Amino acid sequence: MSTTHSNVRYDPVRNTAGDQDDGDLSDDDVKAQSDQSHDTLLGPPGSTQSTRYLNSFYTGLFAGHRLSRSYIASCFLIVTAVVSVIGGSGYWAWKTGQSQIEGQSPPWYPTPLGGTLSSWQVSYDKARKLVERMTLTEKVNITTGTGWAQDLCVGNTAPATNVGFPGLCLQDGPLGIRFADHITSFPAGITVGATWNRDLMRKRGAAHARQAKLKGVHVLLGPAMGPLGRNPAGGRVWEGFGSDPVLQGVAAYETIQGIQSQGIIATAKHLIGNEQEHFRKSFEWGIPEALSSNIDDRTLHELYLWPFAESVRAGVASVMCSYQMVNNSYACANSKLMNGILKDELGFQGFVQSDWLAQRSGVASALAGLDVSMPGDGLHWIDGKSLWGNELTLSVLNGSVPVPRLNDMVTRVVAAWYQLGQDAWEHHIPNFSSWTDDEYGYLHEGSSTKQEKVIVNKFVDTENDESREIARHVAAEGIVLLKNDDDILPLSPSLKQQGTQNRKKVAIIGEDAGPGNGPNHCEDRGCNQGTLAVGWGSGATEFTYLVDPLSALKASFDSSTVDVTSSLANKASSSLRKQLAEQDLCIVFGNADSGEGYRFWETQRADRNDLELQKRGSALISNVAEFCGGPVVAVIHSVGPVIIEKFVDMPSVKAILFANLPGQESGNALADVIFGRIDASGRLPYTLGKSLDDYGPGAPVLYYPNAFIPQVDFKEGIYVDYRHFDREGIEPRYPFGHGLSFTTFDISDLTITELKPKSALPSPRPKGQSPPSYDESIPPAESALFPNGFKKMRKYIYPYISSTNEVKKGSYPYPDGYDINHEPSPAGGAEGGNPSLYEEHVAVQVSVTNKGLRKGKEVVQLYVTLPDSITEPTTGEVIDTPVKTLRNFTKIELKPGERQLVNLTLTRKDLSFWSVVRQNWIMPEGEFTIAVGRSSRELGLQGVY
Ligand code: BGC
């Protein structure tokens, strides 16, 4: 293997007492495993990364991380806050099991059946023929994972052997194949968003999926389009594509089409409202319940749901529901969200899988529309107790989960498999293990049942020149040139523009420029060291290699005329300052990192603590700017917005490059731009404010619980990022969509043509097809018994029951509203919603000319302002709308002097608002303003429609 870390990642804590164990962890077992996990986390640098599978579940608030003083202080504060909140009635409610306050999410039952749309009809026909032959336990196998680390992938289902349906391998993540060797670590979502390049988005998706297929994966757990970026310091903002629903939506659409072009099932995640990591998940933060994201209906539709609608429109075959609650009902048990919005209104035909342990109930989540429980474990990690598995079998046998609901869950999975053509694949099984880098390992790593080691890693090399080239190209086009005074960039390799001497001196400064302790130094990339190329958590990969900026830049300078020196510490010592004075050019690096909630780095628990550059990055850049003898180029790698006020206006800081999270080709991509081998063509996928306050009162992460179930009210509604800056008239440091090029473009001659007349409402919802129907009788309980002589693995999740006596009939307390009949949404009718929403109403044309002397790329951005004084037709209520919203964009390349006509269209949905009264998209009367330009604040052309 070419990875730089040890091959041995897992040294199991294994109970070899025999197979008769009941599968439960004794207290001692728990302690042993817990200690093991702590040792690993506290191990010396370079210690083997063992117990990979344990680490993500023993990382609750009190888990064994390095306990810094401030961490202990935060824990104390949290505990105090929790205790006070829990006090009195809260404590009583908890003790009496009434911890969850009455949800405010309306009920929506029953789950709409899949198979109602013509675009999936062939697959559903095939699925019906298979599903009708399956036994109850085979069906349950398909709906429930086998348990964390019980098979080779991060999520695995067991097969329906009699009918030839395979077990599926589900693997992270959004930027490369997690826990696998010889794969590409592509740039992260935020970098992809910054390219504003649809073609590259699709190509990256396809290249990623091609590798997944070679590794034996069926379902990729990406792309991520939630979080959207409501909280700029949110730990996982970098996994998505930027803080605007249209940018996220386009990137999600293209990525999904790319992934699914290779036959791999894509997963749109996380539905919905997982905007911060603190309190995202039960027990992870020391409190029993996850937070509730309280989102109003219009905000949900116009902002957070938009990219999911685009994903469904792209044909996505899987959606992952998120950890936290939405309007006080867990997302994975929220019937309004899954049944009403996703499956009815958006016409989603694939399957909903839970985030890992996001399922918190058994029957309730089945009724609410969950189709697949991942990773199969129930309320806690690897205790062998699923909320489904044998429990789902029992729920069907005792009549609480209706047979048609189970059939629909299964049919949705099998139809997805056919829809992607996976039935044509032969011997498609994972050839890598998520749990060890060694060739030999256990097939069921998380089980304590004694096993022999077998070959689990076949080291299939999935990388090729094309994937590397795509990774490099995306990383390069994802670099945003914020500032370029005196046209300091691009540099010539001989640095002929700088200084007067024949030999030139360049200093490259900052830890972020160098390799650090190697790219895989911290598990799941959970620390900030060396150059920053990805954030941390399940969205990270094991690097096959990482080209650091220093090596790539050094290699690009002409060594016959340029001397490059470097200082890879974030300190401007007095000797460094002296050396700086002699330089003809300084390139200085800073960064900011964050990641997923189960890991933290120093005092940072997943979400960032602030928007500052980390490791005193701003001070370093300011010092270098003060002491460098020549001009300064600042390079920033970041998971999201950072505050650059300390140095942005310093006269010596001539250029600032925002290189986002570039993945493995980091240095090469940076050198491509710095030396002008390609144009600087990235654009900001979010606004760069001057302070966190600029982003509005809703922007800060909720770091301490404010209730027994922490409540996060999305009170700012649709006014997130530039919509907030615009409304409040705040001058950003750099606006959403901003980015310079090495050439200049002129955008002129706006024409606006009506393609379809205005009308308030979309056409009536088209009629669907009949979904598959099956025998609805409850099968005999005997059919679900463990087969004779069956040998169980401890902790493994099975669909079988041990005795028919386990089936206890009774009356199940169906949720309120279970018997209300719902009219199909008028906004539905096809994948992504009513097809009439996607009809083009307006054509917009502009002419773009490259006025400079270099070939370059321009992003043409189209924004819409809805008419003034919109009122809700039925109630007369005034509808407040943003100053403008991005509605379309394209990126074009032009040679010097070249001119091109650019055509963009606007759909009905682009010109509508979501009416909470009509529960439909309404195109308001009046004049729409259409503006075209090169950023949200540079819109030179305006017209009306
Ligand atoms: C993350 C998901 C991921 C899953 C499987 C969860 O912790 O939230 O995004 O797909 O783990 O690794």
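Remember, predicted model here, so these are calculated numbers, not experimental data.

Chemist: Can you help me understand the overall build of the chain in this one?
Modeler: Looking only at helices and strands, one finds 22 helices and 29 strands in the chain. Taking all 945 residues of the chain together, the buried fraction comes to 66%. Put simply, of all contacts in the chain between residues at least 6 apart along the chain, 79% involve residues at least 24 apart.

Chemist: Just to check I follow, could you spell out the site of the ligand for this structure?
Modeler: If you check the shell around the ligand, you find 13 residues, and the closest are Asp-172, Arg-236, His-270, Asp-355 and Glu-596. In this structure, Arg-178 approaches the ligand through a side-chain N or O atom, which is 3.0 Å from an oxygen atom. One of the side-chain N or O atoms of His-270 is found 2.7 Å from an oxygen atom in the ligand. Here the ligand, which alone exposes 310 Å², has 96% of that area covered by the protein. Class assignment for the residues of the shell around the ligand results in four nonpolar, two polar and seven charged.

Chemist: I would appreciate a short explanation of the state of the cysteines in the present structure.
Modeler: Covalent bonding between the sulfur atoms of two cysteines defines a disulfide. What the rule picks out here adds up to four disulfides. Disulfide pairing places Cys-321 opposite Cys-332 at an S-S distance of 2.0 Å. What sets the handedness of the Cys-321 and Cys-332 disulfide is the S-S torsion sign, and at about 110 degrees it is right-handed. Here Cys-321, found in strand S6 (residues 318–321), pairs with Cys-332, found in the loop between strand S8 (329–330) and helix H12 (335–345); they are eleven residues apart in sequence, far enough to count as distant. Note on Cys-321: relative accessible area 0%, which makes it buried. Across the disulfide from Cys-522 sits Cys-527; the S-S distance is 1.9 Å. Because the sign of the S-S torsion sets the handedness, a value of about 85 degrees for the bond joining Cys-522 and Cys-527 places this disulfide among the right-handed ones.

Chemist: How should the pattern of salt bridges be read in this particular structure?
Modeler: Opposite charge on two side chains allows them to pair when their charged atoms are near. Under the criterion given, the structure shown has 45 salt bridges. Ionic pairing is found between Arg-405 and Asp-408, a salt bridge with its closest N-O pair at 3.0 Å. Placement of both Arg-405 and Asp-408 in helix H15 (residues 403–419) is noted, with a separation of three residues, approximately one turn of the helix. A single salt-bridge network, built from bridges that share partners, covers Arg-236, Glu-239, Glu-277, Arg-280, Glu-284 and Glu-596.

Chemist: Is there a simple way to explain the packing of helix H18 (residues 574–581) against helix H19 (residues 617–627) in this structure?
Modeler: Geometry of a packed helix pair, given as the angle between the helix axes and the separation of the axes. Running from amino to carboxyl end, H18 crosses H19 at an angle of 45 degrees, the nearest separation of the two axes being 8 Å. When the axes of H18 and H19 are compared, the pair comes out oblique. Along the contact surface, H18 presents Arg-577, Leu-580 and Ala-581, while H19 presents Asn-623, Val-624 and Phe-627. Split by residue class, the contact of H18 with H19 holds four nonpolar, one polar and one charged.

Chemist: Quick question: what am I supposed to make of H15 here?
Modeler: Look at H15: 24 Å from first C-alpha to last across 17 residues, which is about the 24 Å you get at 1.5 Å a residue. Counted residue by residue, H15 has 15 buried out of 17 residues, so it is predominantly covered. Gly-421 lies just past H15 and shows a positive phi near 75 degrees.

Chemist: Can you walk me through the side chain of Ser-847 in this structure?
Modeler: Summarising the element assignment, Ser-847 is placed in strand S20 (residues 840–850). Judged by relative accessible area, which is 1%, Ser-847 ranks as buried. There is a polar contact of 2.8 Å between the side chain of Ser-847 and the side chain of Arg-899. Those residues within four positions of Ser-847 in sequence are excluded, and the remaining contacts are Asp-746, Ile-747, Ser-748, Asp-749, Arg-899, Gln-900 and Leu-901.

Chemist: What am I meant to see in the packing of aromatic side chains here?
Modeler: Two aromatic rings are characterised by how far apart their centres lie and by the angle between their planes. Scanning all chains against the criterion turns up 26 aromatic pairs. Both rings, one in Phe-279 and one in Trp-285, keep their centres 5.9 Å apart while their planes meet at 65 degrees; by these two values the pair is edge-to-face. Considered together, Phe-279 and Trp-285 belong to a single accessibility category, that of buried residues. Site record: aromatic cluster; members linked through ring pairs are Trp-196, Tyr-722, Phe-736, Tyr-863 and Phe-889. A cation over an aromatic ring shows up here: Arg-198 above the ring of Phe-889, its NZ or CZ 4.8 Å from the ring centre.

Chemist: I tried to follow the sheet that holds strand S16 (residues 632–638) on my own but got confused; where do I start?
Modeler: Strands in a sheet are paired, the pairing made by backbone hydrogen bonds, and the direction either parallel or antiparallel. The strand order across the open sheet built from six strands is S12-S17-S16-S15-S13-S14, with neighbouring strands paired in mixed fashion. A single partner strand is all that each edge strand has here, and the edge strands are strand S12 (480–484) and strand S14 (562–567). Shown here is a sheet whose adjacent strand axes are inclined to one another by a mean of 15 degrees, direction ignored. Both strand S13 (residues 504–509) and S14 contribute to a ladder of six bridges, which runs parallel. Note on S14: the bridge partner recorded for Lys-505 is Asp-563. Helix H17 (residues 549–556) contacts S13, S14, strand S15 (585–592) and S16 of the sheet and is inclined by roughly 160 degrees relative to S15.

Conventions used here
- In this convention, every chain numbers its residues from 1, walking through the sequence in written order.
- Under the rules for a predicted model, residues below a pLDDT of 70 receive no local features and side-chain atom pairs below 80 are neither given nor counted, while totals for whole chains, interfaces and linings still include all residues.
- Working from all heavy atoms in the structure, the side-chain values ignore hydrogens and water.
- Helix and strand labels come from DSSP, where a helix needs a run of H or I of at least four residues and a strand needs a run of E of at least two; each type is numbered from the N terminus.
- Exposed residues in this analysis have more than 50% of their type's maximum accessible area, buried residues have under 20%, and partly exposed residues fall in between, with area computed by a 1.4 Å probe over protein chains only.
- Contacts were defined at the residue level, with two residues in contact if any of their heavy atoms lie within 4.5 Å.
- We call a residue near a molecule or strand as soon as one heavy atom of that residue lies within 4 Å of the molecule or strand.
- We call two N or O atoms a polar contact when they sit within 3.5 Å, provided that within protein one can donate a hydrogen and the other can accept it, with sequence-adjacent residues counted only if both atoms are side-chain atoms.
- Under the convention used here, a 1.4 Å probe and the Shrake-Rupley method define accessible areas, while residue burial counts only the protein chains that appear.
- By the convention adopted, Pro, Cys, Tyr, Trp, Phe, Met, Ile, Leu, Val and Ala count as nonpolar, Lys, Arg, Asp and Glu as charged, and the other residues, Gly among them, as polar.
- Cysteine sulfur pairs qualify as disulfides if the two atoms are within 2.5 Å.
- When a carboxyl oxygen of Asp or Glu is within 4 Å of a side-chain nitrogen of Lys or Arg, the pair counts as a salt bridge.
- Fitted lines through C-alpha atoms give the axes, limited to the stretch in contact for helices. The angle between two N-to-C directions lies from 0 to 180 degrees.
- In this scheme, roughly parallel covers angles under 35 degrees and roughly antiparallel covers those over 145, while 65 to 115 is roughly perpendicular and the rest are oblique.
- What a helix should span is 1.5 Å times the count of its residues minus one.
- Only centres within 6.5 Å qualify two rings of Phe, Tyr or Trp (six-membered ring in Trp) as a pair; their planes then separate them into stacked at under 30 degrees, edge-to-face at over 60, and tilted for everything else.
- The criterion is that NZ of a Lys, or CZ of an Arg, lies within 6 Å of the ring centre and within 35 degrees of the ring normal, and then a charge sits over that ring.
- Pairing between strands is defined by DSSP: at least two bridges between them are needed.

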